[in-house]
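Observations on the three-dimensional arrangement
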There are 2 protein chains.
Amino acid sequence: MAKIITPKILPGFMELLPPEQILFNKIKDTIREVYESFGFLPLDTPTIEYSEVLLAKAGGETEKQIYRFNKGDNDLSLRFDLTVPLARYVAQHRNDLNFPFKRYQISKVFRGERPQKGRFREFYQCDIDIIGSETLSLVYDAEMPAVIYNVFKKLNIGAFKIKLNNRKILNGFFEGLGLEDKTADILRVIDKIEKIGAENVREELVKLGAEKQADEIMSFVSTRGTPAEKLEKLKALSVDSPKFSEGVEELEKVTELLKTFGVDEDYFDIELTIARGLDYYTGTVYETVLTDYPGLGSVCSGGRYDNLAEYYTKQKLPGVGVSIGLTRLFSQLRENNIITSDSLSTAKALLLPMNESYIPYALKAAAALRDNNIPAYIFYGGKNMKQKMKYADRSGIGFALILGEDEVNNQTITVKNMKTGEQQSISFDNLTAFFA
Amino acid sequence: MAKIITPKILPGFMELLPPEQILFNKIKDTIREVYESFGFLPLDTPTIEYSEVLLAKAGGETEKQIYRFNKGDNDLSLRFDLTVPLARYVAQHRNDLNFPFKRYQISKVFRGERPQKGRFREFYQCDIDIIGSETLSLVYDAEMPAVIYNVFKKLNIGAFKIKLNNRKILNGFFEGLGLEDKTADILRVIDKIEKIGAENVREELVKLGAEKQADEIMSFVSTRGTPAEKLEKLKALSVDSPKFSEGVEELEKVTELLKTFGVDEDYFDIELTIARGLDYYTGTVYETVLTDYPGLGSVCSGGRYDNLAEYYTKQKLPGVGVSIGLTRLFSQLRENNIITSDSLSTAKALLLPMNESYIPYALKAAAALRDNNIPAYIFYGGKNMKQKMKYADRSGIGFALILGEDEVNNQTITVKNMKTGEQQSISFDNLTAFFA
């Protein structure tokens, strides 16, 4: 007898029971479908890469969290996001790609951080990016929210709001105030406004040495109104910075295009406090919140960057992209009962031949169903009807098909609706129509 | 300026350009679709597990190949197959599963072996298994080849043959010859018959000390004929072993059922030399070869085992399963030009608004296409028609849609077939019908 080892997995790793996995896959498939409908091309980069390549830019927190190890003479790491592999890929294959290059990747990434509620060490990211060679039209900045809009509409998980900003507005504004050397610190402070409130933000600005400019900053971040009104207010500000004007102009153009892209006005907004990654994004930035569940934070974020792959090539590769952290999103949606797992099986019909002699008839029925894209599951076990029905019940498959002597003789099938308990006899020839 | 690091990946890791990736995904999707059509439930286990759990059984070669490392206080490993995680999963969640439990998993596994032609360190396995609690009907042994048959029929990669055997026949036969203590060695020798020929196999048998029985063994492994004929010949042998008779009976029943399952007789065969994993399989075993490419070896293998999870639970969990090594199969199919990548894009239509003012019209057309599940890609770049057409050409999308002043005025779209170069004007209202 072998020694028994307790079967368990590491904390911070999501593993689902089949009904949950079916639901998870449904969401993943929907995201993929929308991404492909916009012409994004699939990519599937290796899970393991050379540490030297993967960590070309990384530092600080990322480096601590990474799964890094030696195998033979190689220093290896598991990917911690999908952006660095994309940068490496585009630089490596730039002569074989058609720019602008639109790619999606839906893959697991790994970060060995301390596990805590809502944080995962292994999680799916669903990324889209559009990479230009030397330049990239601003129209793509408007296509991103259009894709997000279609994804979340199709996921059907309630109202949501795509929030837009432009880093040039923020950087230009602080430049105009003579605070360019403190921009990073100030952004960090105003990013907390939802959490700590305006009063505390103001205090922290003073502490940072921006006492003179604090009023102006507070008035800027508190700009209210529709996107059009906010843009008008921004244009009315006398900020001495060409970058600021450029940012306002870009944001105005993107929001105008959004309407053309069919994004309902109720679903987007301008939010001047959004900064995102401090040393990465250079233009438009995005966050997406579920209106009824603001506590979940942003469920889809990203932005425009000037140069994707400067660590791997001298070619300038500007891009724009967004990412959905699917594992975290899924766990939040389930926790808040925003989605429920209604199908416990991939199969639509469970076929129950009463004994072995009815297997041929069951197989004929299953083949007819599968030919019509109706997944069918034949259960060959169970000593009697009671055992068979117990299995049917636990399987969660909507309909149990009973196949015995009467059914074969009359070329019928007894169909039991497992939810209502109703039973009816249908002719074999009507079987696929019943499920259509 | 950042230091430039050469963008590259490790040898033995497959990474594809988009047209190849589209083709790869198509195959992966087909396999998943067939698996689901038979009611297999999806599973997605963690990539990283505790070494203690993952290596409960492993030893020798596996242990050397594994990617194993420490993170914090944990001794971790990347999964090297999908069977061990399945065993751990079923043992861990046995109270939440409905037995027989049918699951599929299509995931990457990792083996750090010396990279060589056709060998990968990271590769997809596409596994199905059916796990019973205490017992599992032999009918499921026939369902496995039925699934394989449907997969390879649908993949449409030419003729193939599913080869069946039963380990009880082999073990019983050698037991009857008084060679039970040499079974493993003999199996290893006869497994090489295709490679080294009958004469050399006979010589090696003699070396193993089976001189007396060598003729009988050679006559056994050379049994020719249809499955029915082979079974008759086996039954005519006077082998003194109940295990042998049991194996013949099981194999006969499985092949009979196969016809009921609709598996064309041309597509399966009995092959008495197939043994598969020596200390794992206990009953039916499978291999699948592409008839026109026998050199590729088995592209889908598996079998019946008595006890899936003895290292994790005392509950007896018999099962039957097969696995497709997709990464290797794909690389072989491409190398031998058995499949060709015909679609260079996920999109069916490339929309080319002549300048920004025609973007709204292009977006309207794209939305109409997407509403009808026709992926549409809008290209916003290119200074002139020539540049736009160059992009269209390289994108590999079948049809370029030109949208300019004439088109908007007449509510038409100029459609260019990128393969033939033919151009025609269609009315906006006929757009989706054109692609249907």
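Whatever comes next refers back to the structure up there.
The present account deals with the structure reproduced in this document. (Residues numbered from 1 in each chain as written. Chains lettered and ligands numbered in written order. Predicted model: local features only at pLDDT ≥ 70, side-chain atom pairs only at ≥ 80, totals over all residues. Heavy atoms only, no water.)

**Observations concerning the pattern of salt bridges**
Following the criterion strictly, the structure yields 48 salt bridges over all chains and no others. Its salt-bridge partner being Glu 63 of chain B, residue Arg 68 of chain B comes within 3.5 Å of it at the nearest N-O pair. Exposure remark for Arg 68 of chain B: the relative accessible area of 37% places this residue in the partly exposed category. Overall, Glu 63 of chain B belongs to the partly exposed group, its relative accessible area being 34%. For Lys 192 of chain B, the salt bridge goes to Glu 204 of chain B, with nearest N and O atoms at 3.5 Å. Of the two residues, Lys 192 of chain B sits in the loop between helix 7 (183-190) and helix 8 (193-196) while Glu 204 of chain B sits in helix 9 (residues 198-207), which places them 12 residues apart along the sequence. A single network of salt bridges, built from pairs that share partners, joins Glu 15 of chain A together with Glu 49 and Arg 88 of chain B. (Salt bridge = Lys/Arg side-chain N within 4 Å of Asp/Glu carboxyl O. Buried < 20%, exposed > 50% of the residue type's maximum accessible area, 1.4 Å probe, protein only. Helix = DSSP H or I, 4+ residues; strand = E, 2+ residues; numbered from the N terminus.)

**Brief notes about the state of the cysteines**
All names here are of chain A. Within this structure, the stated rule accounts for zero disulfides over all chains. Unpaired in this structure, Cys 126 has its nearest cysteine sulfur neighbour in Cys 300, at a distance of 9.2 Å. A residue is classified by how much of its surface remains accessible, and Cys 126, at 0% relative accessible area, is buried. (Disulfide = S-S within 2.5 Å.)

**Some remarks on the interface of chain B and chain A**
Opposite the 102 residues of chain B that make contact, chain A presents 102 residues. Summing both partners gives a buried area of about 8700 Å² for chain B against chain A, and 60% of it is carried by carbon and sulfur. Counting across the chain B and chain A interface gives eight salt bridges. When the shortest N-O distance is used, the salt bridge between Asp 29 of chain A and Arg 32 of chain B registers 2.7 Å. (Contact = heavy atoms within 4.5 Å. Buried area = accessible area lost by both parts, 1.4 Å probe.)

**Thoughts on helix 6 (residues 167-176) of chain A**
Residue and element names in this part refer to chain A. The element helix 6 is extensively covered by neighbouring structure, given that eight of its 10 residues are classed as buried. Residues of helix 6 that are buried include every one of Arg 167, Lys 168, Ile 169, Leu 170, Asn 171, Gly 172, Phe 173 and Phe 174, and no others. In this structure, the buried residues of helix 6 make contact with strand 7 (160-166), helix 7 (183-190), helix 9 (211-221), helix 10 (227-236), helix 11 (242-260) and strand 9 (284-290). Sitting at the head of helix 6, Asn 166 places a side-chain oxygen 2.9 Å from the backbone nitrogen of Lys 168. Of the residues one or two after helix 6, Gly 178 is the one with positive phi, at around 75 degrees. (Polar contact = N/O pair within 3.5 Å; in protein donor to acceptor, adjacent residues only side chain to side chain.)

**Notes on the packing of helix 6 of chain A against helix 7 of chain A**
Residues and elements named next belong to chain A. Closest axis-to-axis distance for the helix 6/helix 7 pair is 10 Å, and the angle between their directions is 120 degrees. Here helix 6 lies oblique to helix 7, going by the angle between them. In the crossing of helix 6 with helix 7, the sense of the turn from one axis to the other is right-handed. Facing helix 6, whose interface residues are Arg 167, Leu 170, Asn 171 and Phe 174, helix 7 presents Thr 183, Ile 186, Leu 187 and Ile 190. Looking at the contact of helix 6 with helix 7, its residues break down into five nonpolar, two polar and one charged. (Axes fitted to C-alpha atoms, helices over the stretch in contact; angles between N-to-C directions. Parallel < 35°, antiparallel > 145°, perpendicular 65-115°, else oblique. Left-handed = near helix turned anticlockwise from the far one by under 90°. Nonpolar A, V, L, I, M, F, W, Y, C, P; charged D, E, K, R; others polar.)

**A few points about unusual backbone geometry**
Between Phe 99 of chain A and the following residue, Pro 100 of chain A, the backbone shows a cis peptide bond with an omega angle of -5 degrees. One non-glycine residue, Asn 337 of chain B, adopts positive backbone phi at about 55 degrees. Summarising the element assignment, Asn 337 of chain B is placed in the loop between helix 13 (326-335) and strand 12 (349-353). Phi is positive for Gln 411 of chain B, which is not a glycine, with a value near 50 degrees. By secondary structure assignment, the location of Gln 411 of chain B is in the loop between helix 16 (405-410) and strand 15 (412-417).

**Observations concerning the relation of the copies chain B and chain A**
Overlaying chain B on chain A yields an RMSD of 0.0 Å, the required transformation being a rotation through 180 degrees with an accompanying axial translation of 0.0 Å. Here the transformation between the copies is reduced to the relation of a two-fold axis. Of every C-alpha in chain B, the one belonging to Phe 69 of chain B sits nearest the axis of rotation, 3.0 Å from it. Same-surface contact between copies: 100% of interface residues of chain B are shared with the interface of chain A. (Least-squares fit on C-alpha atoms with pLDDT ≥ 70 in both.)

**Things to note about the sheet that holds strand 6 (residues 122-131) of chain A**
Residues and elements named next belong to chain A. Here we have eight strands laid out as an open sheet, ordered 1-5-6-11-10-9-7-8, and mixed in their pairing. Because the sheet does not close on itself, it has two edges, and the strands there are strand 1 (41-42) and strand 8 (268-270). In this structure, strand 6 lies alongside strand 11 (residues 319-325), joined through seven bridges in antiparallel fashion. Looking at strand 11, one finds that Gln 125 is bridged to Gly 325. (Pairing = 2+ DSSP bridges.)

**Some points on the sheet that holds strand 15 of chain B**
Residue and element names in this part refer to chain B. Taken in spatial order, the five strands line up as 13-12-14-15-16 in an open sheet, and their pairing is mixed. The outermost strands of the open sheet, each flanked by one partner alone, are strand 13 (376-378) and strand 16 (423-427). Neighbour to neighbour, the strand axes of the sheet diverge by 30 degrees on average, direction disregarded. Relative to strand 13, strand 12 runs parallel, the two sharing three bridges. Each residue of the ladder has a partner; that of Leu 351, found in strand 13, is Ile 378.

**Here we look at empty space enclosed by the protein**
Summed over all chains, the structure comprises three cavities of 30 Å³ or more. Approximately 770 Å³ is the volume found for the largest cavity. Lining the largest cavity are 33 residues, and of these Lys 28 and Tyr 124 of chain A together with Lys 28, Ile 106 and Tyr 124 of chain B sit closest to its centre. Put simply, the parts of the chain that give the lining of the largest cavity at least two residues each are helix 1 (18-37) and strand 5 (101-110) of chain A together with helix 1 (18-37) and strand 5 (101-110) of chain B. Sorting elements by how many residues they give to the lining of the largest cavity places strand 5 of chain B first, with six residues. Taken together, the residues of the lining of the largest cavity break down into 12 nonpolar, nine polar and 12 charged. (1 Å grid on protein atoms, 1.4 Å probe; cavity = no way out; pocket = protein on both sides within 12 Å on 5 of 7 lines; lining within 4 Å. Points joined across faces, edges and corners; volume = space filled by probe spheres on them.)

**What about the environment of Thr 6 of chain B?**
Mapped onto the fold, Thr 6 of chain B is located in the segment before helix 1. Sequence-wise, Thr 6 of chain B and Leu 234 of chain B are 228 residues apart; in three dimensions their C-alpha atoms are separated by 61 Å.

The analysis is restricted to geometry; functional conclusions fall outside its scope.
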